[in-house]
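Chain by chain, the residues:
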Amino acid sequence: MAAKTMPISVPSEKPLKVVKWKVKQGAFVSQGQILFLYSDLSGNSNELKKFKAVRAGTITSFKVKEGDIAEPGGCVADIEECRHPTVMKEMCAECGADLRTDETRNRDVAVVPMIHSVPELKVSEELAQKLGKEDAERLLKTRKLVLLVDLDQTLVHTTNDDIPPNLKGILHFFLRGPGNTGRWCHTRLRPRTQEFLESASKNYELHVCTFGARQYAHAVTELLDPEKKYFSHRILSRDECFDARTKSANLKALFPCGDNMVCIIDDREDVWRHAANLIQVRPYSFFQSTGDINAPPPLPDDKLKLLNVKNGSQIPINKQMPTLDPEPEQKEKKNNDVKEQKDAKPTEGDNGKVIVKDKTDITPDKVNDKREEDEQDNKLPETTEPRWVETPDGQIEVEDADDYLIYLDDILKRIHKHFYDLYDNMGDKQIPDLKCVIPDVKSEVLAGTSLVFSGLVPTHQRLETSRAYLVAKSLGADVTQDYTENTTHLVAVRSGTAKVNASKKMGEGRAQRLHVITPDWLWACAERWERVDERLYPLQRTGQLAAAAGALQQPAARARRAAPPHALRPLHGHAQPAALLLQRRHR
């Protein structure tokens, strides 16, 4: 909207002489500021008088020069009214005008909050675009990108429950509430967090984006970055979010020129509306009885919509992609359903709970639709039991085998390299879009492979709508209903099916080997963004599987009985020791 230009007129009834201008053309003047000195030509006084501005704005032109006579009611200069480009709590930071008055209420003013932790400070669309371009130029000059970092279950896990005071590796802080009330928070940093932040900060400008309250967000960030060398003031909490259920609503305000240089890491896709520039991380869970203490309310059930992604596959945008670790409530519900339908043997579970082990029927003729649906959800990475170690000084130390940040750091480096390789080749100041770069990098993981599923998709569901299909396609794999001459992998839930039996004959006379693996291999590739060695996830024969389960059951039960009653469970782990992974990654 064009600014309104108004004349500055002489209010006196007699001519006056402009002696000296106190402002320059193009200068911004505030209300009450002296514009020029003049003398009254009535002859009653030789004292110089001051002419002050009655409104704020920018002097665009002078109509009367110094020494000239201005007639009564004549125009001495033109002023362009203040457009209020910067507003703080309904007051213009430029001219000081109270924007709550009727005169300015309906006028276009600053509406874009660009400062994370100060939502009251807003700038105009024009100024936001200017600042956004300057930020983009600065990032490109330093060859960096922007990384929005979630806190809860991404880098930390926090509980408000009582925990042993001598539990090692836990950070404690107190949050005060209204009426002198408050709560203690106990936070565990994900292993290798400091190394990850140090590495990521070299290629990315880090921003915190969490659904935790402002006080909580700043307290946890202080634990992560006490010297403020990673995040500085860039902390967006729930109090600054425009929408209590989604974080994506703030992207336009924070990045007015577009989010094409923005990468996101979060353990939840739904709060970002399944954005293409999101990396969904494996949720970090250390305290067994606590999930995400700052989880937003669920989104309303919208009509199912499909989003076209790379390789022609479609993803339901109102449905979260499968996580690799199911919530405890979902696990317990599934086990209860299995108990009602099958004859199962109860065994001792965590915290003394009775859980039901699924007795898989390996006879293909007895596999029904219900079982295939259950197995599709149940075949997730196995959990590892926590190992408790009491140190000589009386501290309780829990061995935390989580090493996901090793893989996440490598993913971010690949994305950064791919982005700037494209930028260097594009020229003409074109900027690549991470919403295209990230899917491209991900699609290289299983490029050149062709997968066939057995037991992963219910018989009444189309292959193209199954979650395993969507995950495999996003990784760049080709997926077919039946074997072809290009088939490289059979992903099977159990042995004994027709496809598994046929795979034994497929190896004869083939140029390339057919890998027969469990779904855990696919989930591991999806979380690590790399083709995991198929030898780590072979499909066991029935006898081998039963023997392995029996061998593991007794030590696991002994470990549970030996653990203290307040036992905590570290992250579900199917990953290998960090040293082995690092060795394999740098072959």
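Residues numbered from 1 in each chain as written. Predicted model: local features only at pLDDT ≥ 70, side-chain atom pairs only at ≥ 80, totals over all residues. Heavy atoms only, no water.

Visitor: Sorry if this is basic, but what is going on with the pairing of strand 8 (residues 75-81) here?
Guide: Within a regular beta strand, the side chains point alternately toward one face of the sheet and then the other, so they alternate between its two faces. With respect to burial, strand 8 is a largely interior element, five of its seven residues being buried. Judged from the five bridges that link them, strand 6 (residues 57-62) and strand 8 form a sheet pairing that is antiparallel. Among the inter-strand pairings, T58 is bridged to a residue of strand 8, identified as E80. (Buried < 20%, exposed > 50% of the residue type's maximum accessible area, 1.4 Å probe, protein only. Helix = DSSP H or I, 4+ residues; strand = E, 2+ residues; numbered from the N terminus. Pairing = 2+ DSSP bridges.)

Visitor: Even after reading the chapter, I still don't get the environment of E222, so can you show me in this structure?
Guide: Among the secondary structure elements, E222 is positioned in helix 4 (residues 214-224). On the basis of relative accessibility, which here comes to 35%, the residue E222 falls in the partly exposed class. Here the alpha-carbon distance between E222 and S232, two residues 10 residues apart in the chain, equals 9.8 Å.

Visitor: Teacher, can you tell me more about the environment of I438 here?
Guide: Within the secondary structure layout, I438 lies in helix 9 (residues 434-442). Between the alpha carbons of I438 and L412 there is a distance of 9.4 Å; along the sequence they are 26 residues apart. In this view, I438 contacts C263, A276, N277, I415 and W529; residues no more than four positions away in its chain are not counted. (Contact = heavy atoms within 4.5 Å.)

Visitor: Mind showing me how you'd approach the sheet that holds strand 8 here?
Guide: The strands making up a sheet are joined through hydrogen bonds of the backbone, oriented either antiparallel or parallel. Pairing within the open sheet is antiparallel, and its four strands lie in the order 1-8-6-3. The open sheet is flanked by strand 1 (5-9) and strand 3 (28-29), the only strands paired with a single partner.

Visitor: Would you explain helix 9 in this entry?
Guide: Along an α-helix, a turn takes 3.6 residues, which lines up residues three or four apart on a common side. All of the buried residues in helix 9 are L434, V437, I438 and V441. The buried residues of helix 9 occupy an angular sector of 95° when the element is viewed end-on, so they sit on one face. Against strand 12 (145-149), strand 18 (262-266) and helix 8 (404-426) lie the buried residues of helix 9. Of the residues flanking the start of helix 9, the one acting as N-cap is D433, its side-chain oxygen 3.0 Å from the backbone nitrogen of K435. (Arc of directions from axis to C-beta. Polar contact = N/O pair within 3.5 Å; in protein donor to acceptor, adjacent residues only side chain to side chain.)

Visitor: What should I look at first to understand a positive patch on the surface in this one?
Guide: Taken together, the side chains of K20, K22, K50 and K52 present a region of like positive charge at the surface. Note on placement: K50 falls in strand 5 (residues 49-52). Relative accessible area serves as the criterion here: at 55%, K50 is assigned to the exposed category. (Patch = residues over 30% accessible without salt bridge, like charges linked within 9 Å, V, L, I, M, F, W, Y side chains within 5 Å. Areas by Shrake-Rupley, 256 points an atom, 1.4 Å probe, with all protein chains shown as cover. Salt bridge = Lys/Arg side-chain N within 4 Å of Asp/Glu carboxyl O. Lys, Arg positive; Asp, Glu negative; His and termini not counted. Charge placed at Lys NZ, Arg CZ, Asp CG, Glu CD.)

Visitor: Is there a simple way to think about the pairing of strand 18 in this case?
Guide: When you tally the buried positions in strand 18, you get five out of five residues, the bulk of the element. Covered by surrounding structure in strand 18 are V262, I264 and D266 together with C263 and I265, the residues of both alternating faces. One ladder, built from four bridges, connects strand 12 with strand 18; its direction is parallel. Counted as the bridge partner of V146 is V262 from strand 18.

Visitor: It is not clear to me how the nonpolar core should be interpreted in this structure. Could you clarify?
Guide: Note that soluble globular proteins tend to have their nonpolar side chains buried in a common cluster. Grouped together as the largest cluster of nonpolar side chains are 84 residues, with contacts concentrated most on I415, F453 and L522. By residue number, the principal contributor to this core is helix 8, which donates eight residues. Excluding its chain neighbours within four sequence positions, the residues that come into contact with L522 are L446, L451, F453, A468, V471, A472 and L475. Within the second largest apolar cluster, 19 residues are counted, among which are M6, V23, I59 and V64. (Core = buried A, V, L, I, M, F, W, Y, C linked by side-chain atoms within 4.5 Å.)

Visitor: Help me understand unusual backbone geometry, please; the structure alone is not making it clear to me.
Guide: Negative phi values dominate among residues other than glycine, just as trans dominates among peptide bonds. Even without being a glycine, Q153 presents a positive backbone phi close to 65°. With respect to the helices and strands, Q153 occurs in the loop between strand 12 and strand 13 (156-159). A residue is classified by how much of its surface remains accessible, and Q153, at 6% relative accessible area, is buried. Phi is positive for H274, which is not a glycine, with a value near 55°. Structurally, the position occupied by H274 is in the loop between strand 18 and strand 19 (278-280). Look at H274 and you get buried, because its relative accessible area is 8%.

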